[in-house]
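Architecture at a glance
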Amino acid sequence: MRIACLTGILAAAFFAGAVAAAELRPAITVTGETVTLGDLFDDAGRAAHVIVANAPAPGLKSEITVSRISLAARRNGIEWRNNAGLTHIVVGRSGLPVPEHEVAAAIASAIETQSSSLPSAATLQIDFVNGTAGIQVAENAEQSVRVEQLSFNPRNGAFNAIVRAPANDMMSPLRRVAGRAYPVIDVPVLTRDVMPGDVVRRNDIDWIRLPSTRVSQNIVTSLAQLVGMSPRNPTRAGEPLRISDMHPPLVVEKGAQIDMSFVSGSLTLTARGRALDSGAVGDVVNVLNSRSNRTVQGIIEGPNMVRIDAPGAARAAAALDAAAGNS
């Protein structure tokens, strides 16, 4: 019996000594919704899971007075001395930052609901004054945002918004963000310098975003206006292109030998000629018949290929027929 009592006394003394050695941390960061003695002390022993206070919202900080901590410690057998003279402990709570594009999308949607003057081809660009780094959610929560209040000035694009994150948690704190919203349009640009005569391919194209006020009706805004085209002048990579600067690539050069064709029913006549103009597919050019020495007009169908059509088709056909008869 005496041995058992002695063993118990020694164990109690050892445990008390271990608890007495606990030290209070001056600042902590927690992940959950509560702050425990185990979060506050480096060795709280069996009292580690005792809750002292609620934790702040993710991404925020709060304070707990040392007197409150001291009371909870004494009640749970933790003896310590405030040798550092602390008056409060700073508590932060970690979380997951809500991606900025999620916040921007929520605000853009709210602005679009208020304003119907947005150009049809444009989207809203959202620029934040101080970013959105403070908007965080708990590590196991959905990274979503809901706009609770919005003030928007359509003249200069300035906005102030109060948002909630996560969007479906009505107990989550409200955060304020501010910035500017303005319509932008995505336009294609070249990834390399292109010279006249070069044909633009799809892999030569990248996209940039421009304020809609900088996109005139003459600016190229679609792939169809660019792919397969050739610039009239040297173009630089990354710069917006004008529709008037692009044209189909030349497939007939002035002075080149070309094949002329005239089709009427089952009759097809061909002859050789010399192009008097340069042109792309679909262009109308003047062609000199090499044998008759007559000039006719035709439509370019392909590289050095011209089709003769009305209104000069009959005359052209006669010229081609005469040329064929002389050959």
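Structure: above.
Structure report, in brief. (Residues numbered from 1 in each chain as written. Predicted model: local features only at pLDDT ≥ 70, side-chain atom pairs only at ≥ 80, totals over all residues. Heavy atoms only, no water.)

**Brief notes about the sheet that holds strand β5 (residues 88-93)**
Spatially, the three strands line up as an open sheet ordered β1-β5-β4, and their pairing is mixed. What marks the edges here is a single partner per strand, and that holds for β1 (27-30) and β4 (61-65). Across this sheet, the average inter-strand angle for adjacent strands is 30°, counted without regard to direction. Bridge count between β4 and β5: five bridges; the pairing is antiparallel. Across the sheet, I64 pairs through a bridge with I89, a residue of β5. (Pairing = 2+ DSSP bridges. Helix = DSSP H or I, 4+ residues; strand = E, 2+ residues; numbered from the N terminus. Axes fitted to C-alpha atoms, helices over the stretch in contact; angles between N-to-C directions.)

**Notes on the pattern of salt bridges**
In this structure the tally under the stated criterion is seven salt bridges. When the shortest N-O distance is used, the salt bridge between R272 and D259 registers 2.6 Å. Separated by 13 residues along the polypeptide, R272 in strand β17 (residues 267-275) and D259 in strand β16 (residues 257-264) bring together distant segments of the chain. Beyond isolated ion pairs, a larger network of salt bridges with shared partners links R146, E148 and R164. (Salt bridge = Lys/Arg side-chain N within 4 Å of Asp/Glu carboxyl O.)

**Details of the sheet that holds strand β19 (residues 284-289)**
Sheet architecture is closed into a barrel: five strands sit in the order β16-β17-β19-β20-β21, paired in mixed fashion. Between one strand and the next, the sheet's axes are offset by a mean angle of 55°, whatever the strand orientation. Of the strand pairs in this sheet, β17 and β19 are connected by three bridges, and their pairing is antiparallel. The residue bridging G273 from the neighbouring strand is N289, located in β19.

**Quick word on helix α4 (residues 100-114)**
Taking 1.5 Å per residue, 15 residues should reach 21 Å; α4 reaches 21 Å between its end C-alpha atoms and fits that length. For α4, the set of buried residues is V103, A104, A106, I107, A108, A110 and I111. Those residues of α4 hidden inside the fold are in contact with β7 (123-128), β9 (146-152), β10 (158-164) and β11 (174-190). (Expected span 1.5 Å × (residues − 1). Buried < 20%, exposed > 50% of the residue type's maximum accessible area, 1.4 Å probe, protein only. Contact = heavy atoms within 4.5 Å.)

**What to know about the nonpolar core**
Ranked by internal contacts, the top residues of the largest apolar core, which has 22 residues, are L24, L37, L40, F41, I69 and I78. Taken together, the elements giving at least two residues each to this core come down to β1, α2 (37-40), β3 (51-54), α3 (66-75) and β5. Top element by residues in this core is α3. It accounts for four residues. Here L37 is in contact with A44, A47, A48, V50, V52, A72, A73, N76 and I78, once residues within four sequence places are set aside. (Core = buried A, V, L, I, M, F, W, Y, C linked by side-chain atoms within 4.5 Å.)

**With respect to α3**
Buried residues of α3: V66, I69, S70, A72 and A73, and no others. Angularly, the buried residues of α3 cover 165° about the axis, an arc narrow enough to put them on a single face. Exposed residues pointing more than 90 degrees away from the buried face of α3 are listed as S67, R74 and R75. Looking at the buried residues of α3, the elements they touch are α2, β3, β4 and β5. (Arc of directions from axis to C-beta.)

**Re the pairing of β9**
A regular strand places its side chains so that they alternate between the two faces of the sheet. In this structure, β9 lies alongside β10, joined through six bridges in antiparallel fashion. Following the sheet pairing, Q149 is matched in β10 by I162. Taking the residues between adjacent antiparallel strands as the criterion, β9 and β10 are bridged by five residues, where G157 takes a positive phi near 80°.

**Quick look at the packing of aromatic side chains**
In this description, a pair of aromatic rings is defined by centroid distance and the angle of the planes. Considering all chains together, one arrives at two aromatic pairs under this definition. Plain terms: the ring middles of F41 and W80 are 5.8 Å apart, the flat faces sit at 65° to each other, and that makes the pair edge-to-face. A residue pair is termed long-range when its members are at least 10 positions apart, and F41 in the loop between α2 and β3 and W80 in the loop between α3 and β5 qualify at 39 residues. For the pair shown, F41 and W80 are each scored as buried. Between F128 and F159 the ring centres are 6.1 Å apart and the planes differ by 85°, which places this aromatic pair in the edge-to-face class. With a gap of 31 residues between them, F128 in strand β7 and F159 in strand β10 connect regions that are remote in the sequence. (Phe/Tyr/Trp six-rings, centres within 6.5 Å; stacked < 30°, edge-to-face > 60°.)

**Side note on the side chain of R93**
Position of R93 among the secondary structure elements: in strand β5. One buried charged residue, R93, forms no salt bridge at all, with the nearest opposite charge on E33 at 4.7 Å. Of note is the side chain of R93, whose polar atom sits 3.1 Å from the backbone oxygen of G32. Of note is the side chain of R93, whose polar atom sits 3.3 Å from the backbone oxygen of P56. The contacts of R93, once residues within four sequence positions are left out, are T29, V30, T31, G32, E33, A55, P56, A57, P58, G59, L60 and A138. (Lys, Arg positive; Asp, Glu negative; His and termini not counted. Polar contact = N/O pair within 3.5 Å; in protein donor to acceptor, adjacent residues only side chain to side chain.)

**Quick notes on the side chain of S230**
The topology assignment puts S230 in strand β13 (residues 230-231). You can call S230 buried: its relative accessible area is 1%. Only 2.9 Å separates the side chain of S230 from the backbone nitrogen of G197, close enough to count as a polar contact. Beyond its immediate chain neighbours, meaning those up to four positions away, S230 contacts M195, P196, G197, D198, D245, M246, H247 and P249.

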